[in-house]
Amino acid sequence: MTRRILVFREISADQLDSLRADFEVDYLPHVTDADDPAFMDALSRAHGLVGASLKITPALLDQAPQLEAIASISVGYDNYPVDELTRRGILLCNTPDVLTETTADTGFLLIMSTARRAIELAELIKQGKWTESIGKSHFGTDVHGKTLGMVGMGRIGAAIARRGALGFGMKILYAKASPKPALDAELGAQHRELDQLLEEADIVCVTVPLTEETEKLIGAAEFARMKAGAIFVNVARGKVVDEAAMIAALKDGTLHAAGLDVFEKEPLPADSPLPHMANVVALPHIGSATHETRTAMAQRAIDNIRLALSGQRPLSPVNADDLNDG
Ligand code: DGY
């Protein structure tokens, strides 16, 4: 029997052809809502899912009686009910490693553009307002030599820290990760408790995954602890931060500036004040969004689903060990 795969994110023509050579494929690259009738219809027949950015709920899984495996085109898997998938015997895979450096580039892009006010000042030129030599009111702050506080020190956190330490001579602190002696030796990084890190860092950069423990990890109390003039960067998930508290801190000056690739609600609602604030650089969740990396992520997901549906261990499974224990 030919197996059916539902692909719900854009992949390259070559990748789609390679899947079609071996599977029946329902291709819905632009679906934005899991209630979409075409999505529900394909889901009811699918043995495998390949995609990203849709919330997969237990109710949705009830509509997928044949589902055996999901290959997410993302490293984060907060859109999936992992315990429920495991209970139902459904394998979940993600795409670590292939996006690490690209997402770290995005993190550093936010650090640089926020500290040096690059977007705000580029806008001056676009609006024809660069009429005299730039003065104090438009100066930014240095990045090199400053203290970078990483909240989370997984693969992406370490790649950002490496850029900071080796490229910009920054002192690296990290919290919400166990001490990592190899990184300490490589980068001179130092482990701190979160509160201590917030007090010491000039730039605080969040890379922790979204879990029950990290939801709203950074709120009013944490912003209040940061240094005067501190910059806050988030390339993790919007829900790791209390967004209302962050907006209040940006407005009253508790927080100097923020560079954000992720938000509580995505796409960002039209009435959000964030894009209109001069001290905010807001990007539309582009962490891994380069041609090279998105192609590599899609390929990893395709390799994962092929292996999973042929009974082999995928390259990057999330719950394989729990499934085997069950
Ligand atoms: C991920 O892979 O989790 C990134 O946030 C890109 O979506």
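Preceding block: the structure.
Residues numbered from 1 in each chain as written. Predicted model: local features only at pLDDT ≥ 70, side-chain atom pairs only at ≥ 80, totals over all residues. Heavy atoms only, no water.

Caption draft 1: Examining the sheet that holds strand β10 (residues 231–234) more closely. The sheet built from 7 strands is open, its strands ordered β8-β7-β6-β9-β10-β11-β12 with parallel pairing. Edge positions in the open sheet fall to β8 (190–191) and β12 (280–282), since each of these has one partner strand only. Direction of pairing for strand β6 (residues 147–151) relative to strand β9 (residues 203–206): parallel, over a ladder of 4 bridges. Counterpart to V151 in the pairing with β9 is V206. Packing against the sheet, helix α5 (residues 100–115) makes contact with β6, β9, β10, β11 (257–260) and β12, and its axis sits at approximately 150 degrees to β10. (Pairing = 2+ DSSP bridges. Helix = DSSP H or I, 4+ residues; strand = E, 2+ residues; numbered from the N terminus. Contact = heavy atoms within 4.5 Å. Axes fitted to C-alpha atoms, helices over the stretch in contact; angles between N-to-C directions.)

Caption draft 2: View of unusual backbone geometry. The step from E266 to P267 runs through a cis peptide bond, and the omega angle for that step is -10 degrees. Tracing the sequence through the fold places P267 in the loop between β11 and β12. Its identity as a non-glycine residue notwithstanding, K216 has a phi of 55 degrees, on the positive side. In this structure K216 comes out as partly exposed when scored by relative accessible area, which is 46%. Of note in this structure, H285 is not a glycine but carries a positive phi near 45 degrees. Within the secondary structure, H285 is located in the loop between β12 and α12 (291–309). For H285, a relative accessible area of 30% corresponds to the partly exposed category. (Buried < 20%, exposed > 50% of the residue type's maximum accessible area, 1.4 Å probe, protein only.)

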